[in-house]
Every structure is written in C-alpha cells, then in structure tokens.
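Residues per chain, in single letters:
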Amino acid sequence: MKLSTSQIKSISYLKAHASEIVRTLGDQAEPLVITENGEPKAVLQDFDSFQRTQETMAQLKILALGNRQIEAGQVHAAEDVIARLRGR
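Rules behind the numbers
- Residues numbered from 1 in each chain as written.
- Predicted model: local features only at pLDDT ≥ 70, side-chain atom pairs only at ≥ 80, totals over all residues.
- Heavy atoms only, no water.
- Helix = DSSP H or I, 4+ residues; strand = E, 2+ residues; numbered from the N terminus.
- Expected span 1.5 Å × (residues − 1).
- Bend = angle between axes of the 7 residues up to and from the residue.
- Buried < 20%, exposed > 50% of the residue type's maximum accessible area, 1.4 Å probe, protein only.
- Pairing = 2+ DSSP bridges.
- Axes fitted to C-alpha atoms, helices over the stretch in contact; angles between N-to-C directions.
- Contact = heavy atoms within 4.5 Å.
- Patch = residues over 30% accessible without salt bridge, like charges linked within 9 Å, V, L, I, M, F, W, Y side chains within 5 Å.
- Areas by Shrake-Rupley, 256 points an atom, 1.4 Å probe, with all protein chains shown as cover.
- Salt bridge = Lys/Arg side-chain N within 4 Å of Asp/Glu carboxyl O.
- Phe/Tyr/Trp six-rings, centres within 6.5 Å; stacked < 30°, edge-to-face > 60°.
- Lys NZ or Arg CZ within 6 Å of the ring centre and 35° of its normal.

Caption draft 1: Seen up close, helix H1 (residues 11-28). With 18 residues, H1 extends only 19 Å from end C-alpha to end C-alpha; this falls clearly short of the ideal 26 Å at 1.5 Å per step. Its maximal kink placed at histidine 17, H1 deviates by approximately 90°. Of the residues one or two after H1, alanine 29 is the one with positive phi, at around 55°.

Set out below in structure tokens:
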C-alpha cells in the first residue's frame, strides 16, 4: 500500500491537531499513519472504514477455513448434502 505524505503525520502533529484529524478522517476514508521519531507507530481510521475492514477480515478467515477443509478432504458432494437435508 503506497501512502501519500498527507497520510503520514508525526505524533506531535496528532497532539496539536487531534480534533481536526478526527473530523477529517471520515471525509478522506483513508488511514492516517502516526509516526514517532520518524518510524510508523500507529494507524488511525474512521469507524466505518474500521468496520468494513473487520468484516473483510472475517470473510477472509471463513474462506481460508474453507480452503483448509478442502485440502484436508473434509468436503461432501452437494447432491449428498441436499439429499440428506431433504430427508429430514
């Protein structure tokens, strides 16, 4: 992920402009990287973006679990599952 310089701010900038940063986070819909001594230390993002990120991560975990189950042979043919469900 390539960040622009406007997305990277020092911790001292954060301290001096916290309310302004919080107001603009939602408008930009881009994360803000906070640095300390020139090194990245934290990432700030608006709450809606955070929720979308969490939902995406949950979906990726489900897909990864499915892939592991396929690799382990823990699968059943769709027609067998449907027949079993109809038999209930």
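Caption draft 2: Up close: the pairing of strand E3 (residues 39-44). Burial analysis of E3 places just zero of its six residues in the buried class, a small minority of the element. Inspection of the sheet shows strand E2 (residues 32-36) paired to E3 by five bridges, in the antiparallel sense. Opposite glutamate 36, over in E3, you have glutamate 39 as the bridge partner. With antiparallel pairing between neighbouring strands as the criterion, E2 and E3 make up a hairpin whose turn holds two residues, including asparagine 37 at a positive phi of roughly 55°.

Caption draft 3: Molecular detail of the sheet that holds E3. Read from one edge to the other, the open sheet built from three strands follows the order E1-E2-E3, with strand pairing classed as mixed. With partners counted over all chains shown, the strands left at the sheet margins are strand E1 (8-10) and E3, one partner each. Neighbour-to-neighbour, the strand axes of this sheet turn through a mean angle of 35°, independent of strand direction. Packed onto the sheet, H1 meets E1, E2 and E3 and runs at close to 135° relative to E1.

Caption draft 4: Local environment of the environment of threonine 35. For threonine 35, the position within the fold is in strand E2. The spacing of threonine 35 and isoleucine 8 is 27 residues in sequence and 7.2 Å in space, taken between C-alpha atoms. In contact with threonine 35, other than residues within four places in its own chain, are Ile8, Lys9, Ser10, Ile11, Pro40 and Lys41.

Caption draft 5: Representation of a nonpolar patch on the surface within the structure. On the surface, a cluster of nonpolar side chains totalling about 290 Å² of accessible area is made up of Met57, Leu60 and Leu63. Within the fold, leucine 60 resides in helix H2 (residues 47-71).

Caption draft 6: Structural view of the packing of aromatic side chains. Summed over the entire model, instances satisfying the criterion amount to one aromatic pair. Here the aromatic rings of phenylalanine 47 and phenylalanine 50 are separated by 6.2 Å at their centres, their planes lie at 35°, and the arrangement is tilted. Placement of the pair is phenylalanine 47 and phenylalanine 50 together in helix H2, with a separation of three residues, close to one helical turn. Judged by relative accessible area, which is 37%, phenylalanine 50 ranks as partly exposed. The ring of tyrosine 13 is capped by lysine 9, whose NZ or CZ atom sits 4.8 Å from the centre of that ring.

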